[in-house]
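So the chains spell out like this:
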Amino acid sequence: MDFPISGTHISPVLLITAGFIIGICGGFFGVGGSFLAGPALFSFGLPMNFVVGTDLAHIVGKSMVAARKHYRLGNVDLKLGAIMMLGTIPGVELGAQGIQYLKRHAHVNDVVAVVFIVVLVSVAAFVAWESLKSMRMGRHERKSKSLGRAGKSDVSVLSGVAKRVHLLSLPPMLEFPTAGIKRVSLWVILGVGFFGGTFSGFLGGGAGYIRMPALVYLLGVPTHVAVGTDLFEIIISAGYGTFTHAFKGNVDILVALVMHTGAAIGAQLGASLTQYFHGPRIRLAFVPLPLAGAGLILYTLLTGHRLG
Amino acid sequence: MAYLLEIAAYSACVFVYFFLTLHFFGDWLKRLYDHDKLLYGLTALGLITGQGLVLESLTTALARLFRGKPK
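Remember, predicted model here, so these are calculated numbers, not experimental data.

Parameters at a glance
Residues numbered from 1 in each chain as written. Chains lettered and ligands numbered in written order. Predicted model: local features only at pLDDT ≥ 70, side-chain atom pairs only at ≥ 80, totals over all residues. Heavy atoms only, no water. Helix = DSSP H or I, 4+ residues; strand = E, 2+ residues; numbered from the N terminus. Buried < 20%, exposed > 50% of the residue type's maximum accessible area, 1.4 Å probe, protein only. Contact = heavy atoms within 4.5 Å. Areas by Shrake-Rupley, 256 points an atom, 1.4 Å probe, with all protein chains shown as cover. Buried area = accessible area lost by both parts, 1.4 Å probe. Salt bridge = Lys/Arg side-chain N within 4 Å of Asp/Glu carboxyl O. Polar contact = N/O pair within 3.5 Å; in protein donor to acceptor, adjacent residues only side chain to side chain. Nonpolar A, V, L, I, M, F, W, Y, C, P; charged D, E, K, R; others polar. Axes fitted to C-alpha atoms, helices over the stretch in contact; angles between N-to-C directions. Left-handed = near helix turned anticlockwise from the far one by under 90°. pLDDT = per-residue confidence, 0-100. Phe/Tyr/Trp six-rings, centres within 6.5 Å; stacked < 30°, edge-to-face > 60°. Lys NZ or Arg CZ within 6 Å of the ring centre and 35° of its normal.

## Topic: the overall build of chain A
Move 1: When helices and strands are tallied, chain A shows 12 helices and 4 strands.
Move 2: The buried share among the 308 residues of chain A stands at 62%.
Move 3: Restricting the contact set of chain A to residue pairs at least 6 apart, pairs at least 24 apart contribute 80%.
Move 4: Carbon together with sulfur atoms contributes 68% to the accessible area of chain A, which is approximately 11,100 Å² in total.

## Regarding the interface of chain B and chain A
Move 1: Counting residues at the interface gives 32 residues for chain B, matched by 35 residues for chain A.
Move 2: Buried surface at the junction of chain B and chain A, summed over both partners, amounts to about 3,000 Å²; 76% is from carbon and sulfur atoms.
Move 3: Summed over the shared surface of chain B and chain A, the result is 0 salt bridges.
Move 4: Across the contact surface, chain B and chain A share 6 residue pairs in polar contact (both at pLDDT 80 or more).
Move 5: Broken down by secondary-structure element, the contributors of at least two residues to the side of chain B that touches chain A are α1 (2-20), α2 (26-35) and α3 (37-67) of chain B.
Move 6: Top contributing element to the side of chain B that touches chain A by residue count: α3 of chain B, with 18 residues.
Move 7: For the side of chain B that touches chain A, the per-class residue count stands at 19 nonpolar, 8 polar and 5 charged.

## A look at the packing of helix α10 (residues 253-273) of chain A against α3 of chain B
Move 1: One way to put it is that α10 of chain A packs onto α3 of chain B with a least axis distance of 9 Å and a crossing angle of 35°. Two packed elements cross with a definite hand, and for α10 of chain A against α3 of chain B that hand is right-handed. Where α10 of chain A abuts α3 of chain B, its residues Ile253, Ala256, Leu257, His260, Thr261, Ala264, Ile265, Gln268, Leu269 and Ser272 of chain A lie against Tyr40, Ala44, Leu47, Ile48, Gln51, Gly52, Leu55, Glu56, Thr59, Thr60 and Arg67 of chain B.
Move 2: In terms of residue class, the contact of α10 of chain A with α3 of chain B is built from 11 nonpolar, 8 polar and 2 charged.

## Quick notes on the confidence of the model for chain B
Residue and element names in this part refer to chain B.
Move 1: Across chain B, pLDDT averages 81, with 93% of residues at or above 70.
Move 2: Looking across chain B, the model is least confident in α1, with a mean pLDDT of 77, and most confident in α2, with 89.
Move 3: Confidence estimates for the predicted assembly give a pTM of 0.79 and an ipTM of 0.86.

## A few points about the packing of aromatic side chains
Move 1: Across all of its chains, the model carries 7 aromatic pairs over all chains by this definition.
Move 2: Here the aromatic cluster, defined as three or more aromatic residues joined through ring pairs, consists of Phe50 of chain A together with Tyr33 and Tyr40 of chain B.
Move 3: We note Lys79 of chain A situated over the ring of Phe176 of chain A; from NZ or CZ to the ring centre the distance is 5.2 Å.
Move 4: Here the guanidinium or amino end of Lys37 of chain B rests over the ring plane of Tyr33 of chain B, the centre of that ring lying 4.3 Å away.

## Description of the environment of Leu289 of chain A
Move 1: The topology assignment puts Leu289 of chain A in helix α12 (residues 288-303).
Move 2: Along the backbone, Leu289 of chain A and Ile22 of chain A are 267 residues apart, and their C-alpha atoms lie at a distance of 9.9 Å.

## Considering unusual backbone geometry
Move 1: With an omega of 5°, the peptide bond running from Pro171 of chain A to Pro172 of chain A counts as cis.
Move 2: Here Pro172 of chain A is to be found in the loop between α6 (159-167) and β3 (173-176).

## Overview of the pattern of salt bridges
Move 1: If you walk through the whole model with that rule in mind, you get 4 salt bridges over all chains.
Move 2: Here Glu93 of chain A ties to Lys248 of chain A by a salt bridge, and the two come within 3.1 Å at their closest N and O atoms. Taken together, the positions of Glu93 of chain A in helix α4 (residues 78-104) and Lys248 of chain A in the loop between α9 (223-247) and α10 put the pair 155 residues apart, joining distant regions of the chain.
Move 3: Notably, a salt bridge pairs Asp34 of chain B with Lys30 of chain B, separated by 3.3 Å at the nearest N-O pair. Here Asp34 of chain B pairs with Lys30 of chain B, and both are found in helix α2, just 4 residues apart, close to one helical turn.
Move 4: With a relative accessible area of 24%, Lys30 of chain B lands in the partly exposed category.
Move 5: Taken together, the salt bridges that share partners define one network made up of Arg211, Asp230 and Glu233 of chain A.

Rendered as C-alpha cells:
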C-alpha cells in the first residue's frame, strides 16, 4: 500500500500486525510502545522525522484504549497526570524544534537513530538492574507478610531515592493520594514531565520508557498506578506532539491510522494482563523490548534494508 | 478461546473498515498535507482520536460479548 505523504510503500498487514504486538506491550507496560513502534516504522522505510511524528499520532489513539481500562482498575492519578502535563508540553515543543533543526541540516536519520539506540540500551540496562535487585528484596519481605495476588503496593531497590526526593522542600508542595505521595515539590513533577516531554518530541512516542521509571523510582509511585497515570498523561502530551509535528510536516496520519487498528485490540489485551503480575516482574519483562528496538534501528541504519 | 474469538471478530471488522474507508484516504490527506498544514494537523488529531474512540467501543463490546461483563 502506498503512503503518499511520507512517500513510502508498506504492507498494511505488516503495519497492523506490528501495531497489535506494540499495543499488547503498551497496554501491559503502560509505556506506549514507541521503543518498538519507532524502530519498526524506521525499518519499514519511514524517514526518521516521520517516524517521530507518526509514532506520536499512533499512540494518541492507542493510549486512550489502555488508559480507560487502567482507570477502571483504579490505576490512574488524574491530578498527577494533569500537573505533569504542564511540564511535558513545553518539553515536547523543544524536542520538535530539535527535529526541525536536524531536518534543515539533513542529519535527522543518523542523529535520531543514534540517540534512540543509546537511550533504549541505557533504559534496558537500568531497569534490568533495578528489577533483579527489587525481586530479591521482595522475596525477603514476602516471607513475613502477605502482599496479595496483585497488590498495588510495590517494592523497589530505589525506594530510598523517592523518599529523598519527597523531602526536597521547594514550594509549592503537593499531595497525590491515589499515587500514595504525601508531599512532593511541584517543580519535581514539572521537571519529570519536561524531561520526558523533550524525549517524546525528539524521539516520538510518549517517552514512557523515561517517564514511567521516573514515576516509580523518583516519585515512588506504585508500578500499577505509574502505568495507568503515564497512559493518561500520554493522551494529552502526545496529542499536542501530534499537532505540532503535523504542522511541521512530520506526520503521515494514514500510517498511524493503519497501525492503530492493530494496536487498539492489543492494548485491551495487554492492560488486562497487568492484574496477574506484580511490579518488579513487569519491569523485568520490559527489559528485552527496548533492546530489540535498539537492535532493529542498528540493523536498518547499518544495512539500509527495509522490512516489508 | 474467548480471546481468540474476540481477535477473529475484531480482525473481520478491521478488514471491512480498511477496505471501505482507510484505503481511500491517501490522496485526500496528501492534498490537505500539501496545501494547509494547520488544517492537516487538526484533521490528523481528529482522525486518530475519533478512530481511537470508535475502536475502543468496538473492542469493549467484543470483550463483553466473548468474555462477559467484568466483575
